[in-house]
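A closer look at the structure
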Amino acid sequence: MLSNETTNSSKHAKPSFENTEIAFRHSSNADLNRAYWLFRIINVNFLVKIGPPVTNFAIKIGLPIKSIIKATIFKHFCGGETIAECDNTIKNLYSGGVGTILDYSIEGEDDEAVFDNTRDEIIRTIVRGSKDPAVPITVFKITGVGRFALLEKLDARLPLTPEEEQEWQRVQSRVLAICEKAHSSNVPVMIDAEESWIQETIDLLALTMMTQFNTKKVIVYNTYQMYRHDKLASILNDHEIAISEGFILGAKIVRGAYMEKERKRAQEMGYPSPIQPDKKSTDLDYDSALDYCTSNIDKIAFIAGTHNEESCRLLAELLDAKQIDHKNPHVYFSQLLGMSDNLSFNLADAQYNVAKYVPYGPIKAVLPYLFRRAQENTAIAGQMSRELGLIVKERKRRSGLR
């Protein structure tokens, strides 16, 4: 199953990321119209900047803004408030050959009961995946099941109090429970990357879980943010550890999500920034990671989390050049719900493994995720114009069919 011998993958048509009919086949005219106006608003930086404080204030004083959010930005970027509410999104994606990564998007909490509830909810996503091939992978953040300040203290190698030692044991127990359930259910789980000043602790914990659960097949993935200048080296080093310890390395490869925060903290605290000097360096390391992983496909399972068309095109070409089947279970493409449907659905149409992140959770709790999506998108040069252009193209195509 994991062989990279010659297959029929070369017989598949190469994906065209310009094909809007395939990209938006799953979207109704109403969906397209909502996306059109939403991306036009996101394109206005001023509105994106004032959105979070205005929204938070409106919720605080009791204005009925939740229904507006749920019908617009939440509906576009999230599956629902519960797993059950995500069912239609899961089915809709799967009708186009795209899997779902259920992402319980609660963050910034600081309470043991909430951490236990989050662990239980992540386990419920695994159970959902065990019953449905449309949910092939699951995901969680360590800060969803443990306190950020505790992880920060561990990364800084500061001594823990007896109470903190017990707290850390509870964090590890929650992570172990999630990974044990993933293993027994045969549903892989990804551990998301976070800020650099807690990432070393996360990396060590992820490697510990991989050592235990990835001996026969990949169950646990760690995440590598390639906008950090040291993360290509981390993949190579962790691969050597995997070979030495006898497990399969699980790697989700992304560019990253905390760049401005990272640079600001490094400057304020007077240490060298962990971020690459420029985008070109990030792109080079990202694509080098794809090349390395495809060259070691039997011992590395990886997920290319990217909205970059050139990286998607490169990975598709690497798979064909190295005669790796499009459906090899060690390779997935991944994008976020509500973005880059031209990548996700055209890759799926060409028979590649594709899964979209589908965030869900109570609207108020998911707001930080939604605001970050909008702010990140405005920071990506040309991304919103690209999304808008494809939507406009599809609307014109459909109007020409009437």
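Structure's up top.
The text that follows walks through the structure, step by step, so that each part is easy to find. From a predicted model like this one, the values you see are computed outputs, not experimental measurements. (Residues numbered from 1 in each chain as written. Predicted model: local features only at pLDDT ≥ 70, side-chain atom pairs only at ≥ 80, totals over all residues. Heavy atoms only, no water.)

Brief notes about unusual backbone geometry
Apart from glycine, the bulk of residues carry a negative phi angle, and the bulk of peptide bonds sit in the trans form. Its identity is not glycine, yet arginine 157 carries a phi of approximately 60 degrees, on the positive side. Summarising the element assignment, arginine 157 is placed in the loop between helix H8 (148–155) and helix H9 (162–185). Of the residues examined, arginine 157 reaches a relative accessible area of 63% and is grouped as exposed. One non-glycine residue, serine 340, adopts positive backbone phi at about 55 degrees. In this structure, serine 340 sits in the loop between strand E7 (331–336) and helix H15 (341–349). (Helix = DSSP H or I, 4+ residues; strand = E, 2+ residues; numbered from the N terminus. Buried < 20%, exposed > 50% of the residue type's maximum accessible area, 1.4 Å probe, protein only.)

Things to note about the side chain of glutamine 276
Checked against the element boundaries, glutamine 276 lands in the loop between helix H12 (259–269) and helix H13 (279–295). When its relative accessible area of 6% is taken as the criterion, glutamine 276 is described as buried. A distance of 2.8 Å separates polar atoms of two side chains, one belonging to glutamine 276 and the other to aspartate 285. In this structure glutamine 276 touches Met226, Tyr227, Arg228, His229, Arg263, Ser281, Thr282 and Asp285, once residues within four positions along its chain are discounted. (Polar contact = N/O pair within 3.5 Å; in protein donor to acceptor, adjacent residues only side chain to side chain. Contact = heavy atoms within 4.5 Å.)

Comments concerning the state of the cysteines
Under the definition given, this model contains zero disulfides. Unpaired in this structure, cysteine 78 has its nearest cysteine sulfur neighbour in cysteine 86, at a distance of 8.5 Å. (Disulfide = S-S within 2.5 Å.)

Here's the deal with the side chain of arginine 128
Secondary-structure assignment places arginine 128 in helix H7 (residues 112–130). Exposure remark for arginine 128: the relative accessible area of 19% places this residue in the buried category. Engagement of the side chain of arginine 128 in a polar contact is seen with the side chain of aspartate 87, the distance being 2.8 Å.

Topic: the pattern of salt bridges
Counted under the stated rule, the structure contains 28 salt bridges. Ionic pairing is found between lysine 70 and glutamate 81, a salt bridge with its closest N-O pair at 3.0 Å. In this pair, lysine 70 sits in helix H4 (residues 66–71) while glutamate 81 sits in the loop between helix H5 (73–77) and helix H6 (87–95), placing the two residues eleven residues apart along the sequence. For lysine 70, a relative accessible area of 31% gives the class partly exposed. Here lysine 231 makes a salt bridge to aspartate 203, at a shortest N to O gap of 3.0 Å. Taken as a pair, lysine 231 in helix H11 (residues 231–245) and aspartate 203 in helix H10 (residues 196–213) lie far apart in primary sequence, 28 residues in all. There is no split in this pair, since lysine 231 and aspartate 203 are both buried. (Salt bridge = Lys/Arg side-chain N within 4 Å of Asp/Glu carboxyl O.)

Here's the deal with the sheet that holds strand E1 (residues 99–104)
Strand order in the closed barrel formed by eight strands is E1-E2-E3-E4-E5-E6-E7-E8, with parallel pairing between adjacent strands. Between one strand axis and the next, the sheet turns through 30 degrees on average, direction left out of account. As defined by bridge partners, E1 adjoins strand E2 (residues 137–140) across two bridges and the pair is classed as parallel. Looking across to E2, one finds that isoleucine 101 is bridged to isoleucine 137. Relative to the sheet, H7 contacts E1, E2 and strand E8 (354–360), its axis offset from that of E1 by approximately 170 degrees. (Pairing = 2+ DSSP bridges. Axes fitted to C-alpha atoms, helices over the stretch in contact; angles between N-to-C directions.)

Describing the packing of H13 against helix H14 (residues 309–321)
In the contact formed by H13 and H14, the axes pass within 10 Å of each other and the chain directions differ by 20 degrees. Looking at the two axes, H13 sits roughly parallel to H14. In the crossing of H13 with H14, the sense of the turn from one axis to the other is right-handed. Across from Tyr286, Asp287, Leu290, Asp291 and Thr294 in H13, the residues of H14 making contact are Ser311, Leu314, Leu315, Leu318 and Leu319. Counted by class, the contact of H13 with H14 contains six nonpolar, two polar and two charged residues. (Parallel < 35°, antiparallel > 145°, perpendicular 65-115°, else oblique. Left-handed = near helix turned anticlockwise from the far one by under 90°. Nonpolar A, V, L, I, M, F, W, Y, C, P; charged D, E, K, R; others polar.)

These figures capture arrangement, not role.
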